[in-house]
Amino acid sequence: MTTPLSTIYMTQEQDNDLRATIHKRRQQRNEVQDRQREPKHAKSLVSQATAAALLADMANATGGQENNERMPAMEVGRNEKVLEFSRKMVIKEPYFTLSDSAEPTLRVDHPSDLGIEPFDVGRDKGVECAEKYKTKGNIALRQGDLADAYSCYTQGLGIALKSVGNDGETHGLASDIHRNRSHVNLLLGRFDEALADALSSVTQKTSDKARALDAKAYFRAGCAAYRLEDWHKAKKYFSFQQQLAPDDRDAKVHQRKTEIRLREQAGAGYRFEKLKTSLSRSHPRVDAATYTGSTAIAKTTSHGQGLFATNDIAKGDIVLCEKAFCIVWAHEEAAWTTMTLDARDERIRAFPAGLAKALVQKLRNNSSQVEKVQALFSDHKGLDQLVMSDGEPVIDTFQIHDIICRNAFSPGAQFGEEDVRRASAGLWIRASYMNHSCVPNTEREFIGDLMVVRASRDVKAGDEITHIYDDSNDLEKRAESLMRTWGFVCECPRCLAEREDGKVLRDQRRVLEDRANALIERESPVGASRLVVRKAENLAKAIEGTYDAKRYEGLPRPALMNLERWLVAARPPKSKSRDI
Ligand SMILES: C[S@@+](CC[C@H](N)C(=O)[O-])C[C@H]1O[C@@H](n2cnc3c(N)ncnc32)[C@H](O)[C@@H]1O
């Protein structure tokens, strides 16, 4: 990435302040940790516990607050209320604890530790009960309460499915609920289940009504597959929809869109200009497929896995185009940076916590996507296969933290100013396999969340595809950043040559480069006087002189690049030079 995502440079004073705060917090937490907690058994709470009562109870038990004072609803991140007071919560192995600022807190270690008491629809049994849940779900959906709608449909479905086979009516009811829940799942971003629900709802009956409902189900299946970027499946389901509802315009539009995605996936047909014009602050994500190009993931000799060219790629050609797996833009509500102190090396780093949250949520919602993220490089090994618990994938958030630190990219400030506190960050899975080189063979640009990687020189089949993680010309700064953010020492030919130069020569080159940059900034190349051009030429010669011809054979001379560009623009064409 051009700007390392998780490296922040602070003054010594800021660093000390932050460390002091963290150590104070740790101490406070250690002090309160030994205080007696009030463990309570779940059963003693559940019977009468609404969230409000539970929280008030907790406040009394731990904080000694007044009876009428209620704890605020549990906070996650920034004042985000996740417990609703209208619902009954059940907490497995509940216990109260004190936060690091000694506030009474309810501790839940995993989302599956928190259950929501089912809605009660009265004494009805069987089909009537399922019907009531369906109606309640429909009302919740109309009111935009997706969580309640989901919960009602799920309960209704559980009952309806048990009655399948007894009579056709009940089967129809299960289909209806599956179809409705598929819609809710699409809205909730739960695409795996949306797809499964949609397909389960298909009746294959031949009445007009049944065909219309099946068309709707296939539409939802197509949309879910589209969002999972499974274009072949999406095309199949949209075509089933079209067969059942030939006049449906939506089906045609989606079918056409999916065909465009398939062409993009095959590498024939990105319309970059159109994609650029489709972007805005409110629509910062492109509707496009990923093209993995002539690339394959394989083991490198010394730095884990890498990306390799499977064909020759000419300079300027596309190596790969990848849509972000998950991205949070700086201007979005979800953007949020935290400072983390890594216990492994005691370093403080800025971390895109908003991206971590969005990624964990996406994975929890779609277990089919978990393993390809877990397979990405991280120091904290975590889980290497999908583990399910209570129907949900287990996500090791420490592993996700590490994966983000090592693999996330910054797509640049495409929609306004950014700073370290609110910076755009995303995860591109295929591109994550590209290792670093200070003499890379690719360069990249972003169109919204589409990363376009092109060859910056000719690449031969079998070559490793690399990009530059930190493009500083200063060896020390670059090495520090590569170690701090990605944990390795670069052994590329450029680093070896610069190390061999020694500090004195490198410093000398840097002074000359600074002078060259100052000249470039001061003087426009257009109409520059001969004196200034001569000065620039002398500087270029001096910089060139710091590069040992043998040591730098075949290597770029980055300290010269800006000045050379300036000289090309400044040197007057031959016809004019006669006039001077
Ligand atoms: C984004 S991942 C690259 C893919 C990774 N090699 C893998 O096995 O999946 C970044 C990590 O790869 C390793 N890496 C990348 N470039 C390297 C290089 N030039 N030399 C040594 N290790 C490198 C470092 O461990 C770094 O943290």
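Going by what an unreviewed UniProt entry lists, the chain is known as SET domain-containing protein and is assigned to Zasmidium cellare.

*Asks:* Would you take a moment to explain the environment of Val533 for this structure?
*Replies:* Within the secondary structure, Val533 is located in helix H18 (residues 530-545). Under the relative-accessibility criterion, Val533 is labelled buried at 9%. For the pair Val533 and Ala570, spaced 37 residues apart in sequence, the C-alpha to C-alpha distance is 7.0 Å. With sequence-adjacent residues up to four places away left out, Val533 is seen in contact with Ala528, Trp566, Leu567 and Ala570.

*Asks:* What's the story with the UniProt feature "repeat: TPR" (unreviewed entry) in the chain in this structure? I'm lost.
*Replies:* UniProt feature "repeat: TPR" (unreviewed entry): in the numbering of this structure it lies at residues 215-248. Along residues 215-248, the helical share is 79% and the strand share 0%, with 9 Å between the first and last C-alpha atoms.

*Asks:* Explanation requested: the sheet that holds strand E7 (residues 295-299) in the structure shown.
*Replies:* Hydrogen bonds between backbone groups are what pair the strands of a sheet, and the pairing can be parallel or antiparallel. Taken in spatial order, the four strands line up as E7-E8-E19-E16 in an open sheet, and their pairing is mixed. Of all strands in the sheet, those with a lone pairing partner are E7 and strand E16 (435-436), marking the two edges. Pairing geometry for E7 and strand E8 (residues 305-309), over five bridges, is antiparallel. The residue of E8 that forms the bridge with Ile297 is Leu307.

*Asks:* Is there a simple way to think about the pairing of strand E11 (residues 338-342) in this case?
*Replies:* It is a general feature of regular strands that their side chains alternate between the two faces of the sheet. The sheet contact formed by E11 and strand E12 (residues 347-351) spans five bridges and is antiparallel. Residue Met339 lies in a different strand from E12, and its bridge partner there is Ala350.

*Asks:* Explain the site of the ligand to me, please; I cannot follow it from the model alone.
*Replies:* Taken together, 14 residues sit near the ligand, with His303, Gln305, Asn435, His436 and Trp486 positioned nearest. Contact between the ligand and His303: a nitrogen atom at 2.9 Å from a main-chain N or O atom of the residue. Between the ligand and the protein, one listed contact pairs a nitrogen atom with a backbone N or O atom of His436 at 2.9 Å. Within the complex, 89% of the 560 Å² of free accessible area of the ligand lies under protein. Mapped by element, the contributors of at least two residues to the shell around the ligand are helix H14 (397-407) and E16. Considering only residue class, the shell around the ligand consists of six nonpolar, seven polar and one charged.

*Asks:* In this structure, what is going on with unusual backbone geometry? I would like to understand it.
*Replies:* A negative phi angle is the norm for most residues apart from glycine, just as the trans form is the norm for most peptide bonds. Phi is positive for Gln204, close to 60 degrees, though the residue is something other than glycine. Here Gln204 lies in the loop between helix H7 (191-200) and helix H8 (208-227). Assessed through its relative accessible area of 65%, Gln204 is described here as exposed. Notably, Glu229 is not glycine yet its phi reads approximately 60 degrees, a positive angle. Owing to a relative accessible area of 30%, Glu229 belongs among the partly exposed residues under this scheme.

*Asks:* When you look at the environment of Arg261 in this model, what are you seeing that I'm missing?
*Replies:* With respect to the helices and strands, Arg261 occurs in helix H10 (residues 249-265). On the accessibility criterion, Arg261 (5% relative accessible area) is buried. Put simply, Arg261 and His232 are 29 residues apart on the chain and 9.5 Å apart in space, counted from C-alpha to C-alpha. Non-local contacts of Arg261, meaning those with residues more than four positions away in its chain, are made with Tyr226, Trp231, Asp287, Ala288 and Ala289. Side-chain polar atoms of Arg261 contact the side chain of Tyr226, separated by 2.7 Å.

*Asks:* Before we go on, may I ask you to explain the packing of aromatic side chains in this structure?
*Replies:* How two aromatic rings sit relative to each other is set out by the distance from centre to centre and by the angle between their planes. Following the criterion strictly, the structure yields 12 aromatic pairs and no others. Between Phe409 and Trp428, the ring centres sit 5.9 Å apart and the planes meet at 90 degrees, which makes this aromatic pair edge-to-face. Of this pair, Phe409 sits in the loop between H14 and strand E15 (425-427) while Trp428 sits in the loop between E15 and E16, and the two are 19 residues apart along the sequence. Aromatic side chains Tyr469 and Phe488 sit 6.2 Å apart centroid to centroid with 85 degrees between the ring planes, which places their arrangement in the edge-to-face category. Residue Tyr469 is found in the loop between strand E19 (464-467) and helix H15 (475-486), and its partner Phe488 is found in the loop between H15 and helix H16 (493-501); the two are separated by 19 residues along the sequence. Assessed through its relative accessible area of 25%, Phe488 is described here as partly exposed. In textbook terms, an aromatic cluster arises when at least three aromatic residues are bridged by ring pairs, as seen for Tyr218, Tyr237 and Phe240. One residue, Lys362, lies across the ring of Phe325, its end atom 4.0 Å from the ring centre. In this structure, Arg509 packs its charged tip against the face of Tyr547, placed 4.1 Å from the ring centre.

*Asks:* Can you help me understand a negative patch on the surface in this one?
*Replies:* On the surface, Asp312, Asp317, Asp458 and Asp463 cluster together to form a negatively charged patch. Relative to the helices and strands, Asp463 resides in the loop between strand E18 (450-455) and E19.

*Asks:* Looking at this structure, how should I read the pattern of salt bridges?
*Replies:* Tallied over the entire structure, the rule returns 29 salt bridges. The partner of Glu392 in a salt bridge is Arg364, with the nearest N and O atoms 2.9 Å apart. Of this pair, Glu392 sits in strand E14 (residues 392-393) while Arg364 sits in helix H12 (residues 353-365); the two residues are 28 residues apart in sequence, bridging distant segments of the chain. Overall, the relative accessible area of 23% leaves Arg364 in the partly exposed class. Its salt-bridge partner being Arg406, residue Asp379 comes within 2.1 Å of it at the nearest N-O pair. Of this pair, Asp379 sits in the loop between helix H13 (370-374) and strand E13 (388-389) while Arg406 is found in helix H14, placing the two residues 27 residues apart along the sequence. Classification of Arg406 by relative accessible area gives buried; the value is 14%. Connected through salt bridges with shared partners, the residues Asp474, Glu476, Lys503, Arg506, Asp507 and Arg510 form a single ionic network.

Criteria and cut-off values
Residues numbered from 1 in each chain as written. Predicted model: local features only at pLDDT ≥ 70, side-chain atom pairs only at ≥ 80, totals over all residues. Heavy atoms only, no water. Helix = DSSP H or I, 4+ residues; strand = E, 2+ residues; numbered from the N terminus. Buried < 20%, exposed > 50% of the residue type's maximum accessible area, 1.4 Å probe, protein only. Contact = heavy atoms within 4.5 Å. UniProt positions renumbered as here; feature names shortened; annotations may be inferred. Pairing = 2+ DSSP bridges. Near = heavy atom within 4 Å. Polar contact = N/O pair within 3.5 Å; in protein donor to acceptor, adjacent residues only side chain to side chain. Areas by Shrake-Rupley, 256 points an atom, 1.4 Å probe, with all protein chains shown as cover. Nonpolar A, V, L, I, M, F, W, Y, C, P; charged D, E, K, R; others polar. Phe/Tyr/Trp six-rings, centres within 6.5 Å; stacked < 30°, edge-to-face > 60°. Lys NZ or Arg CZ within 6 Å of the ring centre and 35° of its normal. Patch = residues over 30% accessible without salt bridge, like charges linked within 9 Å, V, L, I, M, F, W, Y side chains within 5 Å. Salt bridge = Lys/Arg side-chain N within 4 Å of Asp/Glu carboxyl O. Lys, Arg positive; Asp, Glu negative; His and termini not counted. Charge placed at Lys NZ, Arg CZ, Asp CG, Glu CD.

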